[in-house]
Amino acid sequence: MIHEILPVGPLQCNCSVIGDESTREAIVIDPGDNIAQILGLINKHQLQVKQIVITHAHIDHVGGAAKLRAATGAPILLNQNDYALLKMLDVQAAWIGVPTPGKVEIDRSIGQADRISAGQIEGQVIHTPGHTEESVCVYFPLEKKLIAGDTLFAGSIGRTDLPGGSFDKIIDSLHTKLLALPDETAVVPGHGPVTTIGEERESNPFLKKL
Ligand SMILES: [Zn+2]
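Once a new chain begins, its residue numbering starts again from 1 and follows that chain's sequence as written. At least 70 in pLDDT is required for a residue's local features to be given in this predicted model, at least 80 for side-chain atom pairs to be given and counted, and no such filter applies to totals for whole chains, interfaces and linings, which use all residues. The basis for every side-chain value is the complete set of heavy atoms in the structure, and neither hydrogens nor water enter the calculation.

(A) Seen up close, the environment of Asp 183. By definition, any uninterrupted DSSP run of H or I lasting at least four residues is a helix, any uninterrupted run of E lasting at least two residues is a strand, and each is numbered from the N terminus. On the secondary structure map, Asp 183 appears in the loop between α6 (167-178) and β12 (186-189). For the pair Asp 183 and Glu 122, spaced 61 residues apart in sequence, the C-alpha separation works out to 20 Å. Apart from the residues within four sequence positions on either side, Asp 183 is in contact with Thr 196, Ile 197, Gly 198 and Arg 201. In this description, contact between two residues means that some pair of their heavy atoms is separated by no more than 4.5 Å.

Here's what the structure looks like:
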């Protein structure tokens, strides 16, 4: 599997470009900004983007999605219950002081157990509400890799004080869904360094046994 991680935008959201080495089909997860660089990676690996997956509707994750869709023709996938947040991208832009990215249209809603695929690569959507109303993570079982959005970080978890956030829900998502994954699962968080489920199970203060 081709996997490039590119931190994009002022908040350095980790955008993932995931491609199948044989069919050259690809998925882009969380193209928040810097679409020219993302397209550069796609060209470098000679990939064809089949799906644009958004873990949640915060501007630093979804801000570049419409531009990437226009450039590649790939559909945008996001849980429909994050649509309310998506409609306030201009407000979110003001929060972090960036220009508004304009309207982002969603082509398909994704939820628990939905499949995301590019060639032979298959990811499973894990529904992990808490950071936003309907955040999702994407798990690639064969590669034992989790794209965690802003639900889990190395040593921390996503903030829950923004609209749609819930501390109780994120704790429940982490304990019932993410800690159910094998320890060796590599975790690519929405921001910051990569980690593993085992490492976080052992040392993340939010994941201590309840
Ligand atoms: Zn976020």
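(B) Molecular detail of the coordination of the zinc ion. Coordination here is defined by N, O and S atoms within 2.8 Å of the metal (3.2 Å for Na, K and Ca), and since water is not considered, a site can look incomplete. Surrounding the zinc ion are the protein donor atoms His 56 (NE2), His 58 (ND1), His 131 (NE2) and Asp 150 (OD), at 2.2 to 2.4 Å. In this structure, the zinc ion is coordinated by four donor atoms arranged in irregular fashion, with angles at the metal of 86 to 169°. Each donor residue of the zinc ion belongs to the same chain, with the gaps between them written as H-x1-H-x72-H-x18-D. Of the two residues, His 131 is situated in the loop between β7 (121-127) and β8 (136-140) and Asp 150 in the loop between β9 (145-149) and β10 (152-153); the sequence distance between them amounts to 19 residues. In this scheme the shape depends on donor count and angles: four donors with every angle between 85 and 135 degrees give tetrahedral, four or six donors with opposite pairs above 155 degrees and others between 65 and 115 give square planar or octahedral in turn, and any other case is irregular.

(C) Summary view of the pattern of salt bridges. Each salt bridge in this description consists of a side-chain nitrogen of Lys or Arg and a carboxyl oxygen of Asp or Glu lying within 4 Å of one another. This model, assessed by the stated rule, comprises seven salt bridges. Taking the shortest distance from any N to any O, the salt bridge between Arg 69 and Asp 107 comes out at 2.6 Å. Taken as a pair, Arg 69 in helix α3 (residues 65-72) and Asp 107 in the loop between α5 (89-96) and β6 (115-118) lie far apart in primary sequence, 38 residues in all. Among the residues examined, Asp 107 registers a relative accessible area of 36% and is labelled partly exposed. A salt bridge links Arg 159 to Asp 161, with the shortest nitrogen-to-oxygen separation between them at 2.8 Å. Partly exposed residues are those whose accessible area sits between 20% and 50% of the maximum for their type, while under 20% is buried and over 50% is exposed, using a 1.4 Å probe and protein chains only.

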